[in-house]
Amino acid sequence: MKVSVPKETAAGERRVALVPEVVDRLAKDGVEVTLETGAGAGAHHPDAAYEQAGARIGDGFSGEVVAKVSPPSAEEIDRLSRGAVLVGLLQPLTGADTVRALAGAGVTSFAMEAIPRISRAQSMDALSSQATVTGYVAALIAARELPRFFPMLTTAAGTVRPAKVLVLGAGVAGLQAIATSRRLGAAVQAFDVRSAVKEQIESLGARFLELDMGLEDAEAAGGYARPLTDEEQQRQRELLAEEIGQMDAVICTAAVPGRPAPLLVTEQAVRNMKPGSVIVDLAAETGGNCELTEPGETVVREDVTIVGPLGLASTMPDHASSLYARNVQALLQLMVKEGELTLDFEDEVLAGACITRDGEIVHEGARKAAEVAA
Ligand code: NAD
């Protein structure tokens, strides 16, 4: 099976779909890799390291399978041949134009985000691997932006109290933000509408913030949160506004799949915070959990710094690429039989992740999203 890796062209994208170590492992399954020159440079993997691992340097779009990170641009889709297989983070629920163009170009595309989150596919779970990176980086940003220490310090000049950090949403990114903030010595509280995460939060040495929302549990299918009703959301925002006033830093990670981010931090909550406090809103990608977030910007409102980062995983490109490449490796291994590309659409992982095929949008969610956008 021939796999090629183009150099990413999206603004700010420094990740690469395969790293040398994974090229070497794939070779054992009969996978030959061709890499566009410089494709690994942003993640600090020079061409020579790929060549040493057995890859060729050449056309990044020449493979039977093209492995990417970011969704392809229109020009990149033009370079894909009819019947080619594309693997990447394709944003199937929000990138309607890309999905339609891929169908029109006769490309068989697989979105890493659409891989079913079942135990067998855990090694392919790029949402989790990249959220691990963003959660970690978000905590570092909060620590750096805060004009105060995270840890408690006892010094000759007096004692410094630890920073109070609140993490909203305790999925993969939230749990990593909790763990990282704890390692830096902050006193961490966290809140999620799924009560199952209480134990996970406590096992990381943080406190589960109890809000008297009259809510039993808001866990829906697949371990995700269900959207809250308008009344529940209103109640949550009011209760949170008071708690947030006690915090030095808030790290927002709350999300509901396929929907805009829930609004949790109101302007009033920001006003309640001490001057110099910090909000890092990872939900900026889908609109933000904070009312005052400006996606892609760092703004100061009411003397509170509000960071709305986009594409955060790409700011730690080495490990983000290594983890992503292992996810891609596991998916490619499902596509190769005796060294040949063999797509078994009876396999629920391949069937679930397939977005376009034979000129059609075959993924139900992507098809609906494309219809709505049209
Ligand atoms: P996500 O990015 O969709 O959401 C982040 C968090 O926000 C979730 O914990 C969610 O409950 C929370 N949230 C939503 N609305 C909220 C609100 N109004 N207030 C506070 N919090 C809110 O989630 P994710 O990190 O991708 O994963 C969530 C869950 O999915 C996991 O904990 C797990 O149960 C499941 N999962 C399964 C697998 C697997 O089996 N392979 C892998 C990863 C995750």
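Refer to the structure above for everything that follows.
Residues numbered from 1 in each chain as written. Predicted model: local features only at pLDDT ≥ 70, side-chain atom pairs only at ≥ 80, totals over all residues. Heavy atoms only, no water.

## So, helix H10 (residues 317-335)
Along an α-helix, residues three or four apart share an orientation, since each turn contains 3.6 residues. Helix length check: H10, at 19 residues, gives a terminal C-alpha distance of 26 Å against a target of 27 Å (1.5 Å per residue), a fit within 8%. The element H10 is extensively covered by neighbouring structure, given that 14 of its 19 residues are classed as buried. (Helix = DSSP H or I, 4+ residues; strand = E, 2+ residues; numbered from the N terminus. Expected span 1.5 Å × (residues − 1). Buried < 20%, exposed > 50% of the residue type's maximum accessible area, 1.4 Å probe, protein only.)

## Here we look at helix H4 (residues 96-104)
Buried within H4 we find Ala96, Thr98, Val99, Leu102 and Ala103. Projected down its long axis, H4 shows its buried positions confined to an angular sector of 165°, all on one face. For H4, the exposed residues lying more than 90 degrees away from the buried face are Asp97 and Gly104. The inward-facing, buried residues of H4 contact helix H3 (74-79), strand E5 (85-88), strand E6 (108-111), strand E18 (354-357), strand E19 (360-361) and helix H12 (364-373). In the segment just after H4, glycine 106 is the residue with positive phi, at about 70°. (Arc of directions from axis to C-beta. Contact = heavy atoms within 4.5 Å.)

## Examining the environment of glutamine 234
By secondary structure assignment, the location of glutamine 234 is in helix H8 (residues 230-244). Measuring from C-alpha to C-alpha, the distance between glutamine 234 and valine 65 comes to 47 Å, with 169 residues separating the pair along the chain.

## Points about the sheet that holds E5
Read across the open sheet, the eight strands follow the order E3-E2-E1-E4-E5-E6-E18-E19; overall the sheet is mixed. The open sheet terminates on both sides in strands that have one partner only, identified here as strand E3 (56-57) and E19. With four bridges joining them, strand E1 (residues 2-5) and strand E2 (residues 32-35) adopt parallel strand pairing. When the bridges of E2 are listed, lysine 2 appears paired with glutamate 32. (Pairing = 2+ DSSP bridges.)

## Description of the site of the ligand
As a structural note, the neighbourhood of the ligand is formed by 25 residues, with Arg117, Val172, Asp192, Arg194 and Gln236 the closest of them. At a separation of 2.8 Å, an oxygen atom of the ligand approaches a polar side-chain atom of arginine 117. Within the backbone of alanine 255, an N or O atom sits 3.2 Å from an oxygen atom of the ligand. For the ligand, whose unbound accessible area comes to 840 Å², protein coverage reaches 83%. Considered class by class, the residues forming the shell around the ligand number 13 nonpolar, eight polar and four charged. (Near = heavy atom within 4 Å. Polar contact = N/O pair within 3.5 Å; in protein donor to acceptor, adjacent residues only side chain to side chain. Areas by Shrake-Rupley, 256 points an atom, 1.4 Å probe, with all protein chains shown as cover. Nonpolar A, V, L, I, M, F, W, Y, C, P; charged D, E, K, R; others polar.)

## Describing the packing of helix H5 (residues 126-145) against H10
Between H5 and H10, the shortest axis-to-axis distance is 9 Å and the interhelical angle comes to 170°. With respect to their mutual orientation, H5 and H10 come out roughly antiparallel. Contact residues: Ala126, Ser129, Gln130 and Val133 in H5; Ala320, Leu323, Tyr324 and Asn327 in H10. Across the contact of H5 with H10, the residue classes break down as five nonpolar, three polar and no charged. (Axes fitted to C-alpha atoms, helices over the stretch in contact; angles between N-to-C directions. Parallel < 35°, antiparallel > 145°, perpendicular 65-115°, else oblique.)

## Some points on the pattern of salt bridges
What the rule picks out here adds up to 23 salt bridges. The residue lysine 2 makes a salt bridge to glutamate 32 at a minimum N-O spacing of 3.4 Å. Here lysine 2, found in strand E1, pairs with glutamate 32, found in strand E2; they are 30 residues apart in sequence, far enough to count as distant. With relative accessibility at 43%, the residue lysine 2 sits in the partly exposed group. (Salt bridge = Lys/Arg side-chain N within 4 Å of Asp/Glu carboxyl O.)

## Thoughts on the pairing of E6
A two-sided burial pattern is seen for E6, the buried positions comprising Thr108 and Phe110 on one face and Ser109 and Ala111 on the other. Between the parallel pair E5 and E6, the chain is carried across by H4, and the sense of this crossover is right-handed. (Right-handed = clockwise from strand over helix to strand, strands pointing away.)

## So, unusual backbone geometry
Phi at histidine 44 is positive, roughly 70°, even though this residue is not glycine. Note that histidine 44 resides in the loop between E2 and helix H2 (47-52). One non-glycine residue with positive phi stands out, namely glutamate 302, at about 55°. Along the polypeptide, glutamate 302 turns up in the loop between strand E14 (298-301) and strand E15 (304-307). For glutamate 302, a relative accessible area of 42% puts it in the partly exposed group.

## Some details on the sheet that holds E14
Strand order in the open sheet formed by seven strands is E11-E10-E9-E12-E13-E15-E14, with mixed pairing between adjacent strands. Of all the strands in the sheet, just strand E11 (207-208) and E14 have a single pairing partner and so form its edges. Taken together, the two bridges between strand E10 (residues 187-191) and E11 define a ladder with parallel strand orientation. In the sheet register, glutamine 189 faces E11, and the bridge partner there is arginine 207. On top of the sheet, H5 reaches strand E12 (249-252), strand E13 (278-281) and E15; it is set at about 160° to E13, its chief contact.

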